[in-house]
Amino acid sequence: MKTKLSILFILSVLLFYACGDEVGGGRPETSSAKDKDIREYNLKVQEEQTKQRTPCDTLSLQQYIIEDYPSGDYLVEFDRTFTYTIPKPAVLYFRDDANYIFAVVAKSKEGERYIEPKNVVGYESSFINLDSTKLGTAFFFLTLFECDGEGNFNALWESEVPIHGGFNSMTIHTWRTNKKAIRYIRLNYEAGIISGHRNYNYFMIDGIRNAPHLMETYEGIAHKRILANVNNDFFPDYYEFRFIDTLDYNRMLDSIPFYWDTTRSLYVTKFNRRWWRYY
């Protein structure tokens, strides 16, 4: 009898704290208020440790995202170069006719627990497509912000990245053709499933202030796609390689050129009318 009463008492205490947690705002992974409190506290610690500040610095951008974005949306960090390296926010500053900031923002899927930025970065997180949604589902966006001299941010556009984990780095490049030189942003993701990596390339076809054109390249043990100029227009193209991959050997079979069809807004090839790609 005493044993039964003890078990009932323990269950009652656990239920009390569980209910109290919900009343007090819920768990951090699902509570909007607690998520914001934790992030603002962490940001405050970083601000105290930073000696020099500017109106449009990364800490100001992080504060803007906390205040203007829904809970569960985060500024992503680069993957660690070395084990003990302090990760840095995934931002690129670019000065042209205005002060621009390219940033990678990860948004939590509505109805699931909030993601944790550390769980969507690096090699191990690249297997997230094979896992459950216990850690939440991340939707990545390359976002272009504009910032004036007083530290006021404005999101000019955001373009979704068709992958849920494995973020590694972001770099800026220039693609040169006979037509023109086009600037593009490359987002590099680890891809454990193909034993390689994927690059999502965002080309500024219509200038920096307009939404970019997405084209994917990748390389793995039996997967490869490289940037190319197939039909000499303003849009980037690529060669997609085919492999013979067996238990005994791996050999490249051939390569198929794909080019951007502006009428269908698809990548197509002349080798087979049924072969097409979105990006």
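Just so we're clear, the structure is a prediction, and the values are computed from it rather than from any experiment.

### Some remarks on the sheet that holds strand β10 (residues 224–228)
Right, on to step 1. As summarised here, the arrangement of the nine strands in space is β6-β7-β8-β9-β10-β11-β12-β13-β14, forming an open sheet in which the pairing is antiparallel. This sheet does not close on itself; its edge strands, each paired only once, are β6 (167–176) and β14 (276–277).
Right, on to step 2. Here β6 pairs with strand β7 (residues 181–191) via nine bridges, running antiparallel. Considered in β7, the bridge of I172 is made with I185.

### Section: the packing of aromatic side chains
Each pair of aromatic rings is reported with the distance of its centres and the angle of its planes.
Right, on to step 1. Considering all chains together, one arrives at 18 aromatic pairs under this definition.
Right, on to step 2. Centre to centre, the rings of F140 and Y189 are 5.3 Å apart; their planes meet at 85°, and the pair counts as edge-to-face. With F140 in strand β4 (residues 138–147) and Y189 in strand β7, the pair connects residues that are 49 residues apart, well separated along the chain. Like F140, the residue Y189 is buried in the burial classification.
Right, on to step 3. Judged by centre distance (5.7 Å) and plane angle (85°), the ring pair of Y189 and Y200 falls under edge-to-face.

### Quick word on the pairing of strand β8 (residues 196–203)
Right, on to step 1. When β7 meets β8, the two strands line up antiparallel, connected through eight bridges. Opposite L187, over in β8, you have Y200 as the bridge partner.
Right, on to step 2. In this structure, the hairpin formed by β7 and β8 is closed by a connection of four residues, where S195 is found at a positive phi of approximately 55°.
Right, on to step 3. Relative to strand β9 (residues 213–219), β8 runs antiparallel, the two being bridged by seven bridges. Directly across from N199, in β9, lies its bridge partner T217.

### Details of the state of the cysteines
Right, on to step 1. Considering all chains together, one arrives at one disulfide under this definition.
Right, on to step 2. Here C56 connects covalently by a disulfide to C147, the sulfurs 2.0 Å from one another. The disulfide joining C56 to C147 has a torsion of about -85° about its S-S bond and is therefore left-handed. Separated by 91 residues along the polypeptide, C56 in the loop between α2 (32–49) and α3 (58–68) and C147 in strand β4 bring together distant segments of the chain.
Right, on to step 3. For C56, a relative accessible area of 9% corresponds to the buried category.
Right, on to step 4. C147 gets classed as buried once you look at its relative accessible area, which sits at 4%.

### Describing the packing of α2 against α3
Right, on to step 1. At their nearest, the axes of α2 and α3 sit 11 Å apart, and the two run at 165° to each other. Between α2 and α3, the angle is such that the two are roughly antiparallel. The hand of the α2/α3 crossing is left-handed. Contacts between α2 and α3 involve K36, R39, E40, L43, Q46 and E47 from the former and L59, Q62, Q63, I65 and I66 from the latter.
Right, on to step 2. Of the residues contributing to the contact of α2 with α3, the split by class is four nonpolar, three polar and four charged.

### Considerations on unusual backbone geometry
Right, on to step 1. At S195, a residue that is not glycine, the phi angle is positive and equals roughly 55°.
Right, on to step 2. Mapped onto the fold, S195 is located in the loop between β7 and β8.
Right, on to step 3. Given a relative accessible area of 45%, S195 falls into the partly exposed group.
Right, on to step 4. One non-glycine residue, N232, adopts positive backbone phi at about 55°.
Right, on to step 5. Note that N232 resides in the loop between β10 and β11 (237–245).

Rules and cut-offs
Residues numbered from 1 in each chain as written. Predicted model: local features only at pLDDT ≥ 70, side-chain atom pairs only at ≥ 80, totals over all residues. Heavy atoms only, no water. Pairing = 2+ DSSP bridges. Helix = DSSP H or I, 4+ residues; strand = E, 2+ residues; numbered from the N terminus. Phe/Tyr/Trp six-rings, centres within 6.5 Å; stacked < 30°, edge-to-face > 60°. Buried < 20%, exposed > 50% of the residue type's maximum accessible area, 1.4 Å probe, protein only. Disulfide = S-S within 2.5 Å. Axes fitted to C-alpha atoms, helices over the stretch in contact; angles between N-to-C directions. Parallel < 35°, antiparallel > 145°, perpendicular 65-115°, else oblique. Left-handed = near helix turned anticlockwise from the far one by under 90°. Contact = heavy atoms within 4.5 Å. Nonpolar A, V, L, I, M, F, W, Y, C, P; charged D, E, K, R; others polar.

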